[in-house]
Amino acid sequence: MTEPTPEPMTPAQQTSTDSFRYRSDPLPVHVIENARIPLADGVELSARVWLPADRHTQLDATQTSGDRGDAGTQGFEPVPAVLEYIPYRKNDMTAARDQTIHPEFARAGYASVRVDLRGCGDSTGVMTDEYSATELDDGLQTLAWIAAQPWCNGKVGIIGKSWGGFNGLQLAALRPPELAAVITVCSTDDRYADDVHYNGGAIVGDQMLSWASTMWAYNARPQDPAVAGAGWLEDWKHRIDESPNNIAEWLGHQRRDAYWKHASVCETPEAIEVPVLAVGGLQDEYRTTLFRLMENAAEQRRTNPDYPPIHALLGGHAHNYPHQAAPGPGYDFIGEAIRWWDKWMKGVDNGVQDDPQLRAFVPDSAPIGSDRETRSGRWVAEQVWPSPQVAEVEYGTATPAGSATPAALTATPAGPRTLSSSVLLGFDGGSWLQFGEAAGIPGDQARDDAQSFTLSWPAAEGLEILGTPRVRATVSSSADRGVIAARLCDVDPAGQSRLLTLGLFNLTHHTGHEFPEPLTPGTPVELDFPLLATAARLAPGHSLRLSISASYWPNLWPSPGETLITVHDANLLAPVRTAADPVADSALSARVTAALGTPPEPPENTIDADYAPMTRTLETDLVTGRTKVETFTESWQTDLADGLFYYSSERDSYFRTAGDSSSPEAVCERSIRYRRPGLPDVQEAPGRAHTAQADAPVAADHGWDVELRTRSRMTGDATSFTVTNELVAYHDGVPFHRRRTNTTVPRDLN
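Calculation criteria
Numbering of residues starts from 1 in each chain and follows the order in which that chain's sequence is written. Given that the model is predicted, a residue must reach a pLDDT of at least 70 before its local features are reported, and side-chain atom pairs must reach 80 or more before they are shown or counted; all residues, however, enter totals for whole chains, interfaces and linings. To get the side-chain values, all heavy atoms of the structure are used, and hydrogens and water are removed first. For the purposes of this section, nonpolar cores are sets of buried Ala, Val, Leu, Ile, Met, Phe, Trp, Tyr and Cys residues that join through side-chain atoms within 4.5 Å. A simple rule labels every residue: compare its accessible area, found with a 1.4 Å probe on the protein chains alone, to the largest value its type can have, and call it buried under 20%, exposed over 50%, or partly exposed in between. Here a strand is any run of E in DSSP of at least two residues, a helix any run of H or I of at least four, and the numbering for each starts at the N terminus. For every residue, the predictor states its confidence as a pLDDT score lying anywhere from 0 to 100. What makes two residues a contact is simply this: any of their non-hydrogen atoms within 4.5 Å. Ring pairs shown here join Phe, Tyr and Trp side chains whose ring centres sit within 6.5 Å, with only the six-membered ring taken for Trp; geometry is labelled stacked below 30 degrees between planes, edge-to-face above 60, and tilted in between. Counted as over-ring charges are cases with an Arg CZ or a Lys NZ within 6 Å of the ring centre that also lie within 35 degrees of the ring normal. In this analysis, the expected span of each helix is defined as 1.5 Å times one less than the number of residues it contains. Distance and chemistry together define a polar contact, namely a pair of N or O atoms within 3.5 Å, with one atom able to donate a hydrogen and the other to accept it when in protein, and with adjacent residues in sequence counting only for side-chain atoms on both sides. Only strands that DSSP links by at least two bridges are regarded as paired with each other. Here an angle of 0 to 180 degrees is reported between the N-to-C directions of two axes, which are lines fitted to C-alpha atoms, with helices fitted over the stretch in contact. Look down the strands so they point away from you; if the path from the first strand over the helix to the second goes clockwise, the crossover is right-handed. Note on terminology: disulfide denotes any pair of cysteine sulfur atoms within 2.5 Å.

S.K.: Looking at this structure, I do not really get the nonpolar core. What am I missing?
M.R.: Nonpolar side chains tend toward joint burial in soluble globular proteins. Membership of the largest hydrophobic core comes to 111 residues, with the highest contact counts inside it found for Ile146, Trp151, Trp163, Leu251, Phe291 and Met714. Per element, the largest residue contribution to this core is 8 residues, and it comes from helix 6 (residues 208–218).

Now the structure itself:
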C-alpha cells in the first residue's frame, strides 16, 4: 500500500534545523507595502511587512499594499516576527538592502517588519534626537502592535545595524514582554565611548560635523506623496522647520553626563533578559562593543547564572551587514541569523547555545592596499570570553640590566618626546567610520610615525592579538588641556606601517570622563585608556609599534592654541592569544569557517542601484600652507516598480594650516534628490503605484521632483565652537523653503 504524500509544513510548523532553507526550501512571501502603526499620541509609523505564506495559499501578486497590518492576511498562520526599526526610509534609501534581509527571513518562516521612525520616510510626526525617550517609547508600542497582529504568534526579535543595532539593545534593556531575542550589528552599548561624536573624551574630528550634517539633511526629507497624499507638501515644510539641530546637543555635552548615559545599556547590563548576538567588523569603529558586552555578561553571571547568552561574531569587514561585507570575506549572515531566531523564537534544538561565545576573523599581515577587496586570514573561536587563551601582555620601554622583563617585550623610544598639536599629520589615517571603500581605509603610517613618539617591539613567531589593547602612559602638557592619538601598527621589514587600531584621548579626562579637570601645565599625569578592539596575526620579521602624537587630523579635533605634550613613559598592554592546543585550534578554525559558509548570490531586487567609488584628496596651498582633505561619495538608484529615482551625494572638506591653531575647519555638503514620473491619481490608487513607467514624462499634477541641498560648517576658537547649518529645499526645480541655524557652544576642556 502506497503511503500518502505528507502535506508540506506550514510556516508555524516549520522547525527545520537547516538555516539555509531560505534558499534551499523557501516559502512563498506575501508583502504588505505600507502598513500603518498607530501610536498613542496620534502619530502613525510606516512599515513594510513580509509574511511567509502556506505553500497552498494562492497569493494575489497585486495585493501588496494596505493601510492596516492585517491587509490581505486572513488565513495566515501566526509565526514569530523580526523587527528592524530605523530612520533611513524603507521606500528608497534602504529598499535595496532590505530586500536582501527581510524577504529571506520570510522565506524561512518568519514575519519580517521594517519600520521607519517617526518623522522619517512615510511615518508622520517629526524626528527626535538619536535614541530619545520618544523613539524608545514608540519602539515599545511597535513591538506590542506587531505581537498583536493575526500573523504574529506574540514573539518578536529585533535586528539592526548601526542605529537599529543601538536601539535594539536599548529596547531590550526596557524588557518588553514581546521581545525574545536580539541581533545587534555594528552598534554600541556606550553612546559616549563608542560612537561618531567622542572617543576617549576627544572630539572625533571627521565625524562630529559630518554625521550631524547628514542627519540635518536626512531629517528634512519629505514624505512620498504617492503614500501620504495631498498634504505632503505642508508636512515637508513642517519637517524642515521642526527637525532637531543635533550637533547643538552633541557638542553641548562634551563629558560623559546624563545625556550620554541615557540609552547606554552598559549602565544597566542586568536589564538585558534576552539572548543577544552581537556582530561587528574589524574595520568598523564599533567593534569594541562585542568584547564589552561579553565581559559585562561574564560579570553578571557571577551573581546571576541564568543571565542570557551573549554571543559575538567579529568579521574582517567595515560598517556593513556581513552578507554584504566590504572588504571580504563575508559569510552567510542570513543563515546565522535564522539559526539564532530558530533557537530563541522557535525552540529548535540546533546547537546555537553550544557555539563558541566568540567567533572572530584574524587577518594576516599583508602589504597595504593588497587586500582592499578581501582580507587574508583565518577564523578562530573562543568557547568563553574572557578567554583563558588570551592574556594581557605588557610591552614597555627599555629596562635596566637585571630586570625580569623579557628583552623582547622592551623597546627603546624613538621620535620626539615632546609633541606639538600644530604639526600636520594624520592625512593617511583614513575615515573614522568606514564602509569598505578604498578611500576610507588607512594608508601607510610610516610618515606619521616619524613625527610621533614611538615604541617598536619585534613580533614573536606566530604572534596573534585578539581583544582590546590598552595604553598606559605618563604625559604632561604645556597648557591646562591637551589631546593625543595613540596608534598600534604592524610594521614590515621594509618599514611599511599598517594601522591595526587606534584610540583618541583627552588628557583632562585622566581621572574619568564624567568629571574632567584642568591640567597643571608641566605636571605629569597618568593615563590608562583603551584603543579600539582588534585582531591580527603578525608575520615573521614584523614588529608591533605604538605611536603617540598630539595631532591626527582630521580624525582628532585639536585643542585651542598650540599645545606641547611630553611623553615621559608609555606601555602597551596587548591581548595576546596563545592556543592551548594548536592542532585542535586549527581544526576548530576549519570547522568554524565551513559552518559560516559564504554569502549566496543576492536575491532578485527591484532596485537598480549604483554608485561612484568614494574619493579622498589632499590639497596644499604652497604659499599659505593651508591644507584641505576632501572626501566625496555619491550614489543613485531607480525603483523598477514605480520609477522613483533617488540620488544622494556627500562632500566633506577639512581645512588646517600648519602652525595656526585657529585654522581647523570642517565643511560638509549634502545633496538629495527624488524624482518620479507621472503617477496615477493618488485618490484613485492610494499606496505605492506599481504601474508607472520609468521613462514616463514628469507631469506637474502627478510627477514628483524634489531636492535638498545643505551646507554645514564647524570652527573653533580659544573659548567656543561655532556651527552653522544651511538648507534649501526645491520643488519642481524651484526653491520651496529654507532654514538656517547658527550655534555657539563653549569648549569644555576640549
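S.K.: Please clarify how the confidence of the model for the chain should be interpreted in this entry.
M.R.: When pLDDT drops low, the exact placement of atoms in the prediction is not to be read closely. Summarising the model, the chain shows a mean pLDDT of 92, and 90% of its residues fall at 70 or more. Under a pLDDT of 50 for its full length, residues 58–67 has, in the predicted model, 23 contacts with residues more than four places off or in other chains. Scored below 50 in pLDDT, residues 679–701 makes 46 contacts in the model with residues more than four places away or belonging to other chains.

S.K.: Would you explain helix 5 (residues 163–173) in this entry?
M.R.: Owing to its 3.6 residues per turn, the α-helix aligns residues three or four sequence positions apart on the same side. Extensive coverage of helix 5 is indicated by the burial of 11 of its 11 residues. If you check which residues of helix 5 are buried, you get Trp163, Gly164, Gly165, Phe166, Asn167, Gly168, Leu169, Gln170, Leu171, Ala172 and Ala173. Backbone geometry just after helix 5 places arginine 175 at a positive phi near 55°.

S.K.: Can you walk me through the packing of aromatic side chains in this structure?
M.R.: For any pair of aromatic rings, the description consists of the separation of the ring centres together with the inter-plane angle of the planes. The tally for this structure, following the rule as stated, stands at 27 aromatic pairs. Aromatic side chains phenylalanine 291 and tryptophan 385 sit 5.1 Å apart centroid to centroid with 65° between the ring planes, which places their arrangement in the edge-to-face category. Taken as a pair, phenylalanine 291 in helix 11 (residues 288–301) and tryptophan 385 in the loop between strand 12 (377–382) and strand 13 (390–397) lie far apart in primary sequence, 94 residues in all. Each member of the pair, phenylalanine 291 as well as tryptophan 385, is classed as buried. Among the aromatic residues, ring-to-ring pairing joins Tyr88, Tyr131, Trp163, Phe166, Tyr218 and Tyr286 into one connected group. Against the face of tyrosine 110 rests lysine 346, its NZ or CZ located 4.5 Å from the ring centre. In this structure, arginine 709 is placed above the aromatic ring of tyrosine 730, and the distance from its NZ or CZ to the ring centre is 4.4 Å.

S.K.: How should helix 14 (residues 582–596) be read in this particular structure?
M.R.: Here helix 14 spans 21 Å end to end across 15 residues, near enough to the 21 Å set by a 1.5 Å rise per residue. Those residues of helix 14 that are buried lie in contact with strand 10 (310–315), helix 12 (333–346), strand 11 (358–363), strand 12 and strand 24 (564–577). With a side-chain oxygen positioned 3.1 Å from the backbone nitrogen of valine 583, the residue opening helix 14 is aspartate 581. Just beyond helix 14, the residue with positive phi is glycine 597, at close to 65°.

S.K.: Help me understand the sheet that holds strand 11 in this model?
M.R.: In a beta sheet, neighbouring strands are held together by backbone hydrogen bonds and run either parallel or antiparallel to one another. What the 10 strands build is an open sheet, ordered 1-2-4-3-5-6-9-10-11-12; its pairing is mixed. Each having just a single partner strand, strand 1 (29–38) and strand 12 make up the two edges of the open sheet. Averaged over all neighbouring strand pairs, the angle between strand axes comes to 20°, with direction disregarded. Sheet topology note: the strand 2 (residues 44–52)/strand 4 (residues 111–116) ladder contains 4 bridges and is antiparallel. Along strand 4, the bridge assignment pairs tryptophan 50 with serine 112. Sheet strands touched by helix 5: strand 3 (79–86), strand 5 (152–161), strand 6 (179–185) and strand 9 (276–281). Its angle to strand 5, the strand with the most contacts, is close to 135°.

S.K.: How do you make sense of the pairing of strand 9 when you look at a structure like this?
M.R.: It is a general feature of regular strands that their side chains alternate between the two faces of the sheet. In terms of residue burial, strand 9 counts as a mostly covered element, since 6 of its 6 residues are buried. Of the two faces of strand 9, the one carrying Val276, Ala278 and Gly280 and the one carrying Leu277, Val279 and Gly281 are both buried. Bridge count for strand 9 against strand 10 is 6 bridges, and the pairing is parallel. Counted as the bridge partner of alanine 278 is alanine 312 from strand 10. As a crossover connection, the stretch from strand 9 through helix 11 into strand 10 is right-handed.

S.K.: What exactly am I supposed to notice about the state of the cysteines here?
M.R.: By definition, a disulfide links the sulfur atoms of two cysteine residues through a covalent bond. For the structure shown, the criterion picks out 0 disulfides. Note on cysteine 186: no disulfide assigned, nearest cysteine sulfur contributed by cysteine 266 at a separation of 18 Å.

S.K.: Honestly, unusual backbone geometry in this entry has me stumped. Any pointers?
M.R.: Residues other than glycine predominantly adopt negative phi, and peptide bonds predominantly adopt the trans conformation. Along the chain, tryptophan 385 connects to proline 386 via a cis peptide bond; the corresponding omega equals 0°. Geometrically, the link from tryptophan 553 to proline 554 is a cis peptide bond, its omega value of 5° lying close to zero. Residue placement: proline 554 occurs in the loop between strand 23 (543–549) and strand 24. Phi at serine 162 is positive, roughly 60°, even though this residue is not glycine. Within the element layout of this structure, serine 162 appears in the loop between strand 5 and helix 5. With a relative accessible area of 14%, serine 162 lands in the buried category.

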